[in-house]
Amino acid sequence: MGVAGGPRIPQSGLQLTLDASNSKSYGGSGTTWTDVSGNGRDFTFTATPTYNSSNAASSFDTIRANGPDANTFGITSSTGHTIILVALQDSLNNESAFKFPTGDGAGTDARGIFAHCSWGNGVVYYDTNGSTSTASSGGRVNTSGDGDFGTNDITHYAFTKSTDGATQTIYKDGVNVSQGTNRGSAATLSAHPVTFGGDEQYQDGWDAKMYYILVYNRELTATEVKQIYESMRGRLD
(Lines give C-alpha, C1' and ligand atoms only; values in the text may rest on other atoms or scores of the structure.)
Protein backbone atom coordinates (compact mmCIF):
# COMPACT_ATOMS: atom_id res chain seq x y z
CA MET A 1 0.00 0.00 0.00
CA GLY A 2 1.07 3.54 -0.67
CA VAL A 3 1.24 6.34 1.86
CA ALA A 4 -2.44 7.28 1.56
CA GLY A 5 -3.69 3.72 1.33
CA GLY A 6 -2.68 2.52 -2.14
CA PRO A 7 -4.11 2.73 -5.65
CA ARG A 8 -7.33 0.89 -4.77
CA ILE A 9 -8.21 3.39 -2.05
CA PRO A 10 -10.30 6.20 -3.61
CA GLN A 11 -8.52 9.52 -3.20
CA SER A 12 -11.36 11.92 -4.03
CA GLY A 13 -12.59 13.52 -0.83
CA LEU A 14 -10.12 11.63 1.39
CA GLN A 15 -9.57 13.62 4.60
CA LEU A 16 -7.86 11.16 6.95
CA THR A 17 -5.90 7.90 6.85
CA LEU A 18 -4.74 6.29 10.09
CA ASP A 19 -3.04 2.93 9.51
CA ALA A 20 -1.58 0.98 12.42
CA SER A 21 0.43 -1.28 10.08
CA ASN A 22 2.10 1.60 8.20
CA SER A 23 5.33 2.66 9.92
CA LYS A 24 4.83 6.18 8.57
CA SER A 25 1.54 6.31 10.46
CA TYR A 26 2.83 4.67 13.65
CA GLY A 27 6.43 3.73 14.29
CA GLY A 28 5.74 1.39 17.19
CA SER A 29 6.05 3.79 20.13
CA GLY A 30 4.72 7.09 21.41
CA THR A 31 1.27 8.63 21.55
CA THR A 32 0.95 10.11 18.04
CA TRP A 33 -1.01 8.32 15.30
CA THR A 34 0.04 10.14 12.15
CA ASP A 35 -2.37 10.90 9.33
CA VAL A 36 -0.85 9.60 6.08
CA SER A 37 -3.51 11.04 3.78
CA GLY A 38 -1.31 14.10 3.25
CA ASN A 39 -3.70 16.36 5.18
CA GLY A 40 -1.77 16.49 8.44
CA ARG A 41 -4.65 15.58 10.76
CA ASP A 42 -2.67 13.63 13.35
CA PHE A 43 -4.31 12.08 16.42
CA THR A 44 -2.91 11.83 19.94
CA PHE A 45 -3.66 8.96 22.32
CA THR A 46 -4.59 9.82 25.90
CA ALA A 47 -1.85 7.43 27.03
CA THR A 48 0.76 5.24 25.34
CA PRO A 49 -1.22 2.49 23.59
CA THR A 50 -0.51 -1.22 23.65
CA TYR A 51 0.67 -1.88 20.11
CA ASN A 52 0.47 -5.22 18.31
CA SER A 53 2.84 -5.56 15.37
CA SER A 54 2.82 -9.36 15.15
CA ASN A 55 1.13 -9.50 11.75
CA ALA A 56 0.39 -7.38 8.68
CA ALA A 57 -2.77 -6.02 10.31
CA SER A 58 -1.08 -4.23 13.19
CA SER A 59 -3.39 -2.76 15.80
CA PHE A 60 -3.80 -0.75 19.00
CA ASP A 61 -5.57 -1.95 22.13
CA THR A 62 -7.99 0.90 22.28
CA ILE A 63 -7.54 3.94 24.37
CA ARG A 64 -9.01 7.18 23.18
CA ALA A 65 -7.29 9.07 20.35
CA ASN A 66 -8.05 12.79 20.10
CA GLY A 67 -7.73 14.61 16.79
CA PRO A 68 -8.30 18.01 15.21
CA ASP A 69 -11.60 19.84 15.56
CA ALA A 70 -14.51 18.28 13.70
CA ASN A 71 -15.16 21.39 11.61
CA THR A 72 -11.71 21.14 10.00
CA PHE A 73 -12.41 17.91 8.08
CA GLY A 74 -14.23 19.54 5.15
CA ILE A 75 -17.48 17.83 6.16
CA THR A 76 -20.41 20.25 5.98
CA SER A 77 -24.19 19.95 6.03
CA SER A 78 -24.12 19.60 2.23
CA THR A 79 -21.11 17.35 1.50
CA GLY A 80 -22.09 13.95 2.85
CA HIS A 81 -19.46 11.82 4.58
CA THR A 82 -17.96 8.36 4.96
CA ILE A 83 -16.20 6.96 8.05
CA ILE A 84 -14.41 3.62 7.66
CA LEU A 85 -13.28 1.83 10.80
CA VAL A 86 -11.53 -1.54 10.92
CA ALA A 87 -11.49 -3.03 14.40
CA LEU A 88 -11.60 -6.18 16.48
CA GLN A 89 -13.91 -6.06 19.49
CA ASP A 90 -12.62 -8.02 22.48
CA SER A 91 -15.87 -7.83 24.44
CA LEU A 92 -19.31 -6.26 24.09
CA ASN A 93 -19.81 -3.13 26.16
CA ASN A 94 -21.78 0.09 26.10
CA GLU A 95 -19.11 2.45 24.76
CA SER A 96 -18.50 4.70 21.76
CA ALA A 97 -16.21 4.04 18.82
CA PHE A 98 -15.98 7.57 17.41
CA LYS A 99 -17.49 11.02 17.61
CA PHE A 100 -17.43 14.10 15.37
CA PRO A 101 -19.06 16.70 17.63
CA THR A 102 -21.64 19.32 16.86
CA GLY A 103 -22.79 22.18 19.10
CA ASP A 104 -21.00 22.37 22.45
CA GLY A 105 -19.38 18.97 21.89
CA ALA A 106 -20.81 17.40 25.04
CA GLY A 107 -23.53 14.81 25.56
CA THR A 108 -25.90 12.89 23.31
CA ASP A 109 -27.22 15.97 21.50
CA ALA A 110 -23.67 16.76 20.28
CA ARG A 111 -23.39 13.58 18.19
CA GLY A 112 -22.68 15.17 14.82
CA ILE A 113 -21.35 11.84 13.50
CA PHE A 114 -21.19 9.08 16.08
CA ALA A 115 -21.16 5.30 16.46
CA HIS A 116 -21.57 2.71 19.17
CA CYS A 117 -19.61 -0.05 17.50
CA SER A 118 -21.10 -1.87 19.22
CA TRP A 119 -23.45 -1.57 22.19
CA GLY A 120 -23.43 -4.35 24.77
CA ASN A 121 -25.97 -6.34 22.75
CA GLY A 122 -23.77 -6.37 19.62
CA VAL A 123 -25.94 -3.83 17.80
CA VAL A 124 -24.06 -1.08 15.93
CA TYR A 125 -25.71 2.35 16.28
CA TYR A 126 -24.85 5.13 13.84
CA ASP A 127 -26.14 8.55 14.90
CA THR A 128 -26.00 11.93 13.16
CA ASN A 129 -27.10 15.49 13.82
CA GLY A 130 -27.55 14.93 17.55
CA SER A 131 -30.41 12.47 17.06
CA THR A 132 -30.90 8.94 18.39
CA SER A 133 -34.32 8.53 16.79
CA THR A 134 -35.11 5.97 14.09
CA ALA A 135 -38.41 7.71 13.31
CA SER A 136 -38.92 9.81 10.17
CA SER A 137 -36.27 12.57 9.98
CA GLY A 138 -34.39 10.99 12.89
CA GLY A 139 -30.62 10.61 12.69
CA ARG A 140 -30.15 6.98 13.78
CA VAL A 141 -29.55 3.79 11.80
CA ASN A 142 -28.69 0.51 13.50
CA THR A 143 -27.84 -3.06 12.61
CA SER A 144 -29.56 -6.33 13.42
CA GLY A 145 -28.76 -10.00 12.97
CA ASP A 146 -25.76 -10.64 10.72
CA GLY A 147 -24.96 -6.91 10.65
CA ASP A 148 -24.18 -6.84 14.36
CA PHE A 149 -20.63 -6.64 15.64
CA GLY A 150 -19.39 -9.86 17.24
CA THR A 151 -16.16 -10.47 19.10
CA ASN A 152 -12.77 -11.90 18.14
CA ASP A 153 -13.10 -11.14 14.41
CA ILE A 154 -11.50 -8.22 12.59
CA THR A 155 -14.43 -6.35 11.07
CA HIS A 156 -14.55 -3.64 8.40
CA TYR A 157 -17.36 -1.12 8.99
CA ALA A 158 -18.26 1.83 6.76
CA PHE A 159 -20.72 4.55 7.74
CA THR A 160 -22.00 6.79 4.94
CA LYS A 161 -24.42 9.69 4.68
CA SER A 162 -25.66 11.14 1.38
CA THR A 163 -25.02 14.69 0.22
CA ASP A 164 -28.61 15.73 0.96
CA GLY A 165 -28.47 14.02 4.35
CA ALA A 166 -31.47 11.84 3.58
CA THR A 167 -29.81 8.42 3.43
CA GLN A 168 -27.54 6.77 6.00
CA THR A 169 -25.96 3.38 5.41
CA ILE A 170 -23.92 0.93 7.46
CA TYR A 171 -21.70 -1.53 5.59
CA LYS A 172 -20.10 -4.55 7.23
CA ASP A 173 -17.23 -6.23 5.37
CA GLY A 174 -18.24 -4.46 2.16
CA VAL A 175 -21.94 -5.38 2.36
CA ASN A 176 -24.85 -3.01 3.07
CA VAL A 177 -26.36 -4.33 6.32
CA SER A 178 -28.56 -1.39 7.31
CA GLN A 179 -29.91 1.68 5.56
CA GLY A 180 -32.26 4.45 6.60
CA THR A 181 -33.95 7.01 4.37
CA ASN A 182 -35.47 10.35 5.34
CA ARG A 183 -32.77 10.70 7.98
CA GLY A 184 -32.99 14.47 8.18
CA SER A 185 -30.27 17.00 7.44
CA ALA A 186 -26.58 16.41 7.99
CA ALA A 187 -24.95 17.99 11.02
CA THR A 188 -22.95 21.19 11.12
CA LEU A 189 -19.80 20.04 12.90
CA SER A 190 -18.21 22.22 15.56
CA ALA A 191 -14.83 23.32 16.90
CA HIS A 192 -14.41 20.36 19.25
CA PRO A 193 -11.97 17.46 18.74
CA VAL A 194 -12.84 14.31 16.81
CA THR A 195 -12.29 11.20 18.92
CA PHE A 196 -11.78 7.51 18.13
CA GLY A 197 -11.94 4.82 20.81
CA GLY A 198 -14.17 6.85 23.12
CA ASP A 199 -15.32 10.41 23.72
CA GLU A 200 -15.91 12.87 26.58
CA GLN A 201 -19.18 11.10 27.46
CA TYR A 202 -17.98 7.47 27.41
CA GLN A 203 -14.29 8.15 28.11
CA ASP A 204 -11.82 5.39 27.10
CA GLY A 205 -13.81 2.24 27.75
CA TRP A 206 -14.21 0.73 24.26
CA ASP A 207 -12.77 -2.80 24.57
CA ALA A 208 -11.41 -3.22 21.07
CA LYS A 209 -8.37 -3.02 18.83
CA MET A 210 -8.20 -0.40 16.07
CA TYR A 211 -6.45 -1.24 12.81
CA TYR A 212 -7.37 1.30 10.18
CA ILE A 213 -9.45 4.47 9.81
CA LEU A 214 -10.48 6.45 6.72
CA VAL A 215 -12.56 9.63 6.64
CA TYR A 216 -14.09 11.18 3.49
CA ASN A 217 -16.06 14.38 3.05
CA ARG A 218 -18.39 12.66 0.61
CA GLU A 219 -20.60 9.60 0.47
CA LEU A 220 -18.68 6.71 -1.06
CA THR A 221 -20.63 4.48 -3.41
CA ALA A 222 -21.36 0.87 -2.54
CA THR A 223 -18.81 -0.12 -5.20
CA GLU A 224 -16.12 2.04 -3.59
CA VAL A 225 -16.82 0.66 -0.13
CA LYS A 226 -16.55 -2.88 -1.47
CA GLN A 227 -13.34 -1.96 -3.32
CA ILE A 228 -11.70 -0.72 -0.13
CA TYR A 229 -12.76 -3.82 1.78
CA GLU A 230 -11.43 -6.14 -0.93
CA SER A 231 -8.13 -4.23 -1.07
CA MET A 232 -7.61 -4.90 2.66
CA ARG A 233 -8.77 -8.50 2.95
CA GLY A 234 -5.28 -9.94 2.63
CA ARG A 235 -4.11 -7.91 5.58
CA LEU A 236 -7.07 -8.71 7.79
CA ASP A 237 -7.76 -12.41 7.21
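Our subject is the structure that appears above.
Residues numbered from 1 in each chain as written. Predicted model: local features only at pLDDT ≥ 70, side-chain atom pairs only at ≥ 80, totals over all residues. Heavy atoms only, no water.

As a further point, take the packing of aromatic side chains. Applying the stated criterion across every chain yields a total of 15 aromatic pairs. Relative to F100, the ring of F73 has its centre 5.6 Å away and its plane inclined at 75°; by these criteria the two rings are edge-to-face. You can see F73 sitting in the loop between β6 (65-69) and β7 (81-89) and its partner F100 sitting in strand β8 (residues 98-101), a full 27 residues away along the chain. Assessed through its relative accessible area of 0%, F100 is described here as buried. Summarising the aromatic geometry, the rings of Y126 and F159 are spaced 5.2 Å apart at their centres and angled 65° between planes, so their arrangement reads as edge-to-face. Taken together, the residues Y126 in strand β10 (residues 125-128) and F159 in strand β12 (residues 154-161) connect sequence positions 33 residues apart. No difference in accessibility class separates Y126 from F159, as the two residues are buried. Counting every residue linked through ring pairs, the aromatic cluster contains F43, F73, F98, F100, Y126, F149, Y157, F159 and F196. Of note, R41 hangs over the ring of F73, and the distance from its end group to the ring centre comes to 5.0 Å. (Phe/Tyr/Trp six-rings, centres within 6.5 Å; stacked < 30°, edge-to-face > 60°. Helix = DSSP H or I, 4+ residues; strand = E, 2+ residues; numbered from the N terminus. Buried < 20%, exposed > 50% of the residue type's maximum accessible area, 1.4 Å probe, protein only. Lys NZ or Arg CZ within 6 Å of the ring centre and 35° of its normal.)

This part takes up the nonpolar core. Formed by 38 residues in total, the largest nonpolar core has its most connected members in W33, F98, F100, F159 and F196. The set of elements that each furnish at least two residues to this core consists of β1 (14-19), β3 (43-45), β7, β8, β9 (111-116), β12, β15 (193-196) and β16 (208-216). Among the elements that line this core, the one with the most residues is β16, at four residues. (Core = buried A, V, L, I, M, F, W, Y, C linked by side-chain atoms within 4.5 Å.)

Under the counting rule described, the total for this entry stands at seven salt bridges. Between R233 and E230 there is a salt bridge, and its shortest N-O distance comes to 3.5 Å. You can see R233 and its partner E230 sitting in helix α1 (residues 222-236), three residues apart, about one turn around the helix. One salt-bridge network, held together by shared partners, links D61, D90 and K209. (Salt bridge = Lys/Arg side-chain N within 4 Å of Asp/Glu carboxyl O.)

This part takes up α1. Compared with an ideal rise of 1.5 Å per residue, which puts 15 residues at 21 Å, α1 spans 20 Å between its outermost C-alpha atoms and is within 8% of the ideal. In the structure, α1 departs most strongly from a straight axis at E230, where the bend amounts to approximately 25°. When we look at burial in α1, the residues that qualify are E224, V225, I228, Y229, S231, M232, R235 and L236. Taken together, the buried residues of α1 touch β1, β7, β12, β13 (168-172) and β16. (Expected span 1.5 Å × (residues − 1). Bend = angle between axes of the 7 residues up to and from the residue. Contact = heavy atoms within 4.5 Å.)

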